[in-house]
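# Descriptive analysis of the structure
The residues making up each chain are set out below.
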Amino acid sequence: MSSVFLGAVRSSSPVGEKSPVRNHNVDEERTRRGRTKEKRVDLLTPSAKRAHSRERSTLSKIGDMLKLDLDHDHSHGEPHWKEFKKGTYTYPIAFAIPANSPPTILCDYGTVTWRLRATVHRPGAFKSKYAAHREVMVITSPTDEDTEDTENIIVERHWDQQLQYLISISGRSFYIGGTIPITFTLMPLAKMKVHRISIFIEERIDYYTNMKRIARTDPISRTDLLSVREPGKNAGHILPLDSNDVDAFKNSPLYALVTPDDDVSEMASELMGPGPWTFHQDLQLPISCSLIHFTNKNRRSNMIITHQLKFVMRVERGDDLHVDAKTGKRKLFDIVIQAPITILSVSLFISSFSMS
């Protein structure tokens, strides 16, 4: 009986009633702490809110571009997703490349390559992403400002009171695989002679460091466009034609300069005379980028490629002012005329040809 009575007294004791109250307070405290954790979303900084809104707007733009019916329910924090059923899906997507970006360049000691990479994210913890990439060619197209300076290159000079010459080049920019129209006129002022005429392009490649200092310069490469000379080491002169042979002009290396619009007999008579001597040629450029590079002045590529068109004449004076003491022959002099030109990519030549 005493144990039963003691249990009844404990059940009605105030000390026994306080235990649930304490548990209730603990629950309230846990509830208050839980509310504090829920309010952390509202305590985001304004910059974080703007980043979150930008992320949502970016996903919305991608969905509109791809015409996807995205799920916009963010109540459970689930990301946007779209189920693609079996089939082929094609989306025309265009990317704008910054205008100051370097083009694709392949040189001996430096390259600039572009790769287009695509990644497909699949929902699920154990599903891998789909990724693919391929190389693309980026070419530089001249702007309107670059094509404004399309005047001809005209050089008119005298050489030592012996020769007056006029050289005219139609344009300043030329495509790889295209032609360079050039006209040159030689007017002798004395009984001088021309031994050789050469036209070629010199290409220079400079490699720069990230500090914009030249780290290396390739040996200057030369692309021959025209060479008129007599064969042999001690060959004679080509102008004027001194032979009285009827076939002298046909046997001369100058016969290679005859165009379909020229009259052979009239041209031969002019070359046998005292001048002036006029020639017009459409010089063929190499058709492959492996033989000559296009001009590049974009410093972001750390490779600068420049070109010079050179016109070289080896001449002999008409007097004995300069004579070699050992051989007793008149000395030969080289007249060099050079002009900077721009070589454009062969891809631009193909695209312009197909559009025309």
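Residues numbered from 1 in each chain as written. Predicted model: local features only at pLDDT ≥ 70, side-chain atom pairs only at ≥ 80, totals over all residues. Heavy atoms only, no water.

## Observations concerning the overall build of the protein
What the protein contains, in helices and strands, is six helices and 14 strands. Counting across all 356 residues of the protein, residues that qualify as buried make up 28%. If you take every contact in the protein between residues at least 6 apart in sequence, the share linking residues at least 24 apart comes to 60%. Element-wise, carbon and sulfur atoms account for 53% of the exposed surface of the protein, whose accessible area totals about 25,500 Å². (Helix = DSSP H or I, 4+ residues; strand = E, 2+ residues; numbered from the N terminus. Buried < 20%, exposed > 50% of the residue type's maximum accessible area, 1.4 Å probe, protein only. Contact = heavy atoms within 4.5 Å. Areas by Shrake-Rupley, 256 points an atom, 1.4 Å probe, with all protein chains shown as cover.)

## Section: helix 5 (residues 264-272)
One full turn of an α-helix is made of 3.6 residues, so residues set three or four places apart face in the same direction. Turning to helix 5, its buried residues are Met267, Ala268 and Leu271. Seen along its axis, helix 5 keeps its buried residues to an arc of 100 degrees; they face one direction. Tucked into the core, helix 5 has its buried residues touching strand 12 (277-284). (Arc of directions from axis to C-beta.)

## Thoughts on the sheet that holds strand 12
Spatial strand order, 5-6-8-12: four strands in an open sheet with antiparallel pairing. Strands at the two margins of the open sheet, each flanked by one partner only, are strand 5 (153-159) and strand 12. Strand-to-strand twist in this sheet, taken as the mean axis angle between neighbours without regard to direction, amounts to 15 degrees. (Pairing = 2+ DSSP bridges. Axes fitted to C-alpha atoms, helices over the stretch in contact; angles between N-to-C directions.)

## What about a nonpolar patch on the surface?
A cluster of nonpolar residues, Phe84, Tyr89, Tyr91, Ile93, Phe95, Leu116 and Val136, forms a patch on the protein surface that exposes about 670 Å² of accessible area. One can find Tyr89 in the loop between helix 3 (46-66) and strand 1 (105-106). (Patch = residues over 30% accessible without salt bridge, like charges linked within 9 Å, V, L, I, M, F, W, Y side chains within 5 Å. Salt bridge = Lys/Arg side-chain N within 4 Å of Asp/Glu carboxyl O.)

## Some details on the side chain of His307
Residue position: His307 is located in strand 13 (residues 303-316). The exposure class assigned to His307 is buried, which follows from its relative accessible area of 2%. At 3.1 Å, the side chain of His307 and the backbone oxygen of His293 are in polar contact. Once you skip the residues sitting within four places of it in the chain, His307 turns out to touch Ile201, Glu202, Glu203, Ile292, His293, Phe294, Thr295, Pro340, Ile341 and Ile343. (Polar contact = N/O pair within 3.5 Å; in protein donor to acceptor, adjacent residues only side chain to side chain.)

## Some words on the confidence of the model for the protein
On average, residues of the protein score 79 in pLDDT, and 72% of them are at 70 or above. Segment residues 1-22 is flagged for pLDDT under 50; beyond a separation of four residues in sequence, or across chains, it makes one contact in the model. Scored below 50 in pLDDT, residues 352-356 shows one contact in the model against residues more than four places distant or in partner chains. (pLDDT = per-residue confidence, 0-100.)

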